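# An overview of the molecular structure
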Amino acid sequence: MSTLTAAGTLRPIRTDIRTLPVDSVGPVEVTVQDRDRTRPFLLLHGGGGVRTMTGFADLLSERTHSRVLLPTHPGFGGTPKVAGLTGVTDLARAYVAMLEQLDLTDVTVVGNSFGGWLAAEIALQESPRVSGAVIIDGIGIEVEDHPMTDVSGLSSAEILSYSFHDPNKAPAPPSTGGTGPSPDVQALIGYTGPVMSDPTLAERLRDLDLPVHVMWGESDRIVDPEYGHAYAAAIPMATFTLLPRTGHLPQVETPEELLGALLDLGDL
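Residues numbered from 1 in each chain as written. Predicted model: local features only at pLDDT ≥ 70, side-chain atom pairs only at ≥ 80, totals over all residues. Heavy atoms only, no water.

With that settled, consider helix α3 (residues 114–124). In an α-helix there are 3.6 residues to a turn, and that puts residues three or four apart on one side. The element α3 is largely enclosed, with a buried count of 11 among its 11 residues. Here α3 has its buried residues at Phe114, Gly115, Gly116, Trp117, Leu118, Ala119, Ala120, Glu121, Ile122, Ala123 and Leu124. (Buried < 20%, exposed > 50% of the residue type's maximum accessible area, 1.4 Å probe, protein only. Helix = DSSP H or I, 4+ residues; strand = E, 2+ residues; numbered from the N terminus.)

Within helix α7 (residues 225–233) the residues assigned to the buried category are Pro225, Tyr227, Gly228, Tyr231 and Ala232. Burial along α7 is one-sided: seen end-on, the buried residues are contained in an arc of 150°. The inward-facing, buried residues of α7 abut α3, β6 (130–136), α6 (201–205), β7 (212–217) and β8 (238–243). At the N-terminal boundary of α7, the capping side chain belongs to Asp224, with an oxygen 3.1 Å from the backbone nitrogen of Glu226. (Arc of directions from axis to C-beta. Contact = heavy atoms within 4.5 Å. Polar contact = N/O pair within 3.5 Å; in protein donor to acceptor, adjacent residues only side chain to side chain.)

A few words on unusual backbone geometry. Working note: non-glycine residues mostly have negative phi, and peptide bonds are mostly trans. A positive phi angle is found at Asp145, which is not glycine, with a value near 70°. Its place among the elements puts Asp145 in the loop between β6 and α4 (156–163). Positive phi values are uncommon outside glycine, yet Met196 reaches one of about 55°. The topology assignment puts Met196 in the loop between α5 (183–192) and α6.

Across the sheet, which stays open at both edges, the 8 strands sit in the order β1-β2-β4-β3-β5-β6-β7-β8 with mixed pairing between neighbours. At either end of the open sheet lies a strand with only one pairing partner, and these are β1 (14–22) and β8. Here the strands of the sheet are splayed against their neighbours by 25° on average, with no regard to which way each runs. Direction of pairing for β1 relative to strand β2 (residues 26–35): antiparallel, over a ladder of 9 bridges. Paired with Pro21 across the strands is Pro27, a residue of β2. (Pairing = 2+ DSSP bridges. Axes fitted to C-alpha atoms, helices over the stretch in contact; angles between N-to-C directions.)

Relative to the elements of secondary structure, Ser66 occurs in the loop between α1 (51–64) and β4 (67–72). Overall, Ser66 belongs to the buried group, its relative accessible area being 3%.

One finds Leu42, Tyr95, Ile122, Leu205 and Tyr231 to be the most contacted residues of the largest nonpolar core, which totals 61 residues. For this core, the element with the highest residue contribution is helix α2 (residues 88–102), accounting for 10 residues. Each residue touching Leu205, except ones within four places of it in the same chain, is listed here: Ala120, Leu124, Ile141, Tyr231, Ala234, Ile235 and Pro236. Core analysis: the second largest hydrophobic core is formed by 20 residues, Leu59, Val110, Leu262 and Leu263 among them. (Core = buried A, V, L, I, M, F, W, Y, C linked by side-chain atoms within 4.5 Å.)

Structure representation (structure tokens):
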């Protein structure tokens, strides 16, 4: 069992707005929280928005003394999004451009849910600045007999009920002023389309040649563990870890256990 690094004083979080050049889209504006330590990590949130990753970003930065970048995907949280930015691959290119702009190396990309799909697409860009990826309850592939739960018509409260092993640990959903999908879910669909998958992704993942760890909550009802096993099986250098007593959002429900699993696997 790895030993956690003693927490130090957390340096102030810088929030920058960066304009990133993407050939297929044009300039892309992204708001990024930057927890500056030493080794760099790029954390990618899912459809629940940046708040589902903020606490884990703090934990990761404090315990490992790493530099942790946590962008808000354009269009989420009321942030601007250029009209041409409509696909996951384009967003991946924007984040690779950000790593170039920051002149970072040895970056580990960690993504949950939609962020897991995005982490896979970033890895597929073959940037020399990325040394590995962690996919946590990711979406994006198509798995026969194990489809993703359709969240497009669910309210925030309904999505949370599918996402937690212990519903008592679910945070109160943000008020959207209605009963339909939240603005962040609408932003998510803007990238993924209504089916929230890419029929080409699993085949493309077979070309990955960097270390990838796939981690899955045993109680995930958005994408079940068999879907997770299929995700790992599609990636030549992937390992799979089942996380007990947690659902679709381990970084929210069981953050200490998730951090411990990452430490044990040598990701941190």
